[in-house]
Amino acid sequence: MKITVLDGYGLNPGDVSWDSIKALADEFTVYDRTPQNLVAERIGESEIILLNKVFITKEIVECCPRLRYIGVLATGYNVVDIKACHEKEITVTNIPSYSTNAVAQHVFAFILYFTNRVALHSESVHAGKWISNPDFCYWLSPLTELSGKTLGIFGFGHIGQKVAEIALSFGMNVIVCAHSKESFEKNLKSLQVADAKKSEVSLVSIEELFAQSDFLSLHAPLTPETTELVNEKTLALMKPSAILINTARGGMICEQAVRNALDNKKIAGYAADVLLKEPMSAENPLYKAPNCVITPHLAWAPRETRERLLAIEVENIKAFLAGKPINVVN
């Protein structure tokens, strides 16, 4: 059994071990990165390939006849031509629900960035401002208490639910725009909070979500319906004091519309871990935008989270080899 990892560096830059997957193979190869023109060549005689951002097209599938399994080392699997794989009876799996805690944690890192301004004030202290200050305290920007503020959540899957749980522990009001009333009610029951707290979570329309939120966090997959969900029209509904947060997919927002809103102070801030095009381009309208904090798609990347991802992939491969595949997306 030949297993090849086409772009392993994102998952493992050297701080976790491939040994658990290597043990399943007769021949095991890891490439840190694979340019698109070398994908077919590097797959070669592999029966199993693992990847994250490498595109597997119909043409690649057709010229790799020994390929039987594709493991996407992420939740999203849009990089794989699912139809072509189905026609060639190639099993495709993904890694669901591995990064819930990490992404929810990152959402609140963004929120606290805007409310507590820790970095701003620490930098000023180390620049000598406190030493020269005549008072025992000072602040360079308004500080905000989260209790009583409204957090809007678009999408109420595992991550959206975890974000709601954390928000409730801060004393925030939580409003949700979900796929359906039935899915909202089902997922509400799963919240790890007291029943009295669950009653404080409300289902609202998309218009109410944008209009009422002090903080609005996106947690839905990218679909034709959610593409550019955030646009001039929906941004116009938001409070000038509101903060928009995107740890879902870059394509859910119109980046130019968000830049315009920031420039014209139609919203107070934007935080993103994802962009439409990654890595970031110097032409991206959000580059150096005011009141805009961007991290390089790392919300999923704590070591514990990546080790969990790897462990799930091991189980995916074992199940496939046993003839009972799990987490199949085709």
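The structure this text deals with has already been given above.
What this report covers is the structure whose coordinates are included nearby. Predicted, not measured: the structure shown is a model, and the values here were computed from it.

Here we look at the overall build of the protein
Consideration 1: For the protein, the count of helices and strands is 13 helices and 12 strands.
Consideration 2: Over its C-alpha trace the protein gives a radius of gyration of 22 Å, about what one expects of a compact globule, namely 20 Å for 330 residues.
Consideration 3: Burial status across the protein gives 46% buried among its 330 residues.
Consideration 4: Intrachain contacts of the protein at a sequence separation of at least 6 include 66% that bridge at least 24 residues.
Consideration 5: Entry remark: accessible area of the protein is about 16,700 Å², with carbon and sulfur atoms responsible for 53%.
Consideration 6: Looking at the protein, you have 32 positive and 37 negative side-chain charges, and the mean spots of the two groups are 2 Å apart.

Considering the pairing of strand S1 (residues 2-5)
Consideration 1: Neither face of S1 is open: one carries Lys 2 and Thr 4, the other Ile 3 and Val 5, and all of them are buried.
Consideration 2: Of the pairings in the sheet, the one linking S1 to strand S2 (residues 27-30) comprises 4 bridges and is parallel in character. When the bridges of S2 are listed, Thr 4 appears paired with Thr 29.
Consideration 3: Pairing geometry for S1 and strand S3 (residues 48-51), over 3 bridges, is parallel. What sits directly across from Ile 3, in S3, is Ile 48.

Remarks on the packing of aromatic side chains
Consideration 1: Counted under the stated rule, the structure contains 5 aromatic pairs.
Consideration 2: Arranged with centres 5.5 Å apart and planes meeting at 10°, the rings of Phe 108 and Phe 170 form a pair that is stacked. With Phe 108 in helix H5 (residues 100-116) and Phe 170 in the loop between helix H7 (158-169) and strand S7 (173-177), this residue pair connects regions lying 62 residues apart in the sequence.
Consideration 3: For Phe 170, a relative accessible area of 34% gives the class partly exposed.
Consideration 4: Measuring from centroid to centroid gives 5.2 Å for Tyr 113 and Phe 114, while their planes differ by 85°, and the two rings are edge-to-face.
Consideration 5: Under the relative-accessibility criterion, Tyr 113 is labelled partly exposed at 38%.
Consideration 6: Taking the relative accessible area as the measure of exposure, Phe 114 reaches 7% and is therefore buried.
Consideration 7: The positively charged end of Arg 33 is found above the aromatic ring belonging to Tyr 9, 4.5 Å away from the centroid.

Quick word on the side chain of Ser 46
Consideration 1: Relative to the assigned elements, Ser 46 resides in the loop between helix H2 (39-43) and S3.
Consideration 2: We classify Ser 46 as buried; its relative accessible area is 0%.
Consideration 3: In this structure the side chain of Ser 46 is engaged in a polar contact, spanning 2.6 Å, whose partner is the backbone oxygen of Ile 43.
Consideration 4: Setting aside chain neighbours within four positions, we find Ser 46 in contact with Lys 2, Thr 4, Arg 66 and Leu 67.

Reading guide: rules and limits
- Residues numbered from 1 in each chain as written.
- Predicted model: local features only at pLDDT ≥ 70, side-chain atom pairs only at ≥ 80, totals over all residues.
- Heavy atoms only, no water.
- Helix = DSSP H or I, 4+ residues; strand = E, 2+ residues; numbered from the N terminus.
- Rg over C-alpha atoms; globule rule 2.2 N^0.38 Å.
- Buried < 20%, exposed > 50% of the residue type's maximum accessible area, 1.4 Å probe, protein only.
- Contact = heavy atoms within 4.5 Å.
- Areas by Shrake-Rupley, 256 points an atom, 1.4 Å probe, with all protein chains shown as cover.
- Lys, Arg positive; Asp, Glu negative; His and termini not counted.
- Charge placed at Lys NZ, Arg CZ, Asp CG, Glu CD.
- Pairing = 2+ DSSP bridges.
- Phe/Tyr/Trp six-rings, centres within 6.5 Å; stacked < 30°, edge-to-face > 60°.
- Lys NZ or Arg CZ within 6 Å of the ring centre and 35° of its normal.
- Polar contact = N/O pair within 3.5 Å; in protein donor to acceptor, adjacent residues only side chain to side chain.

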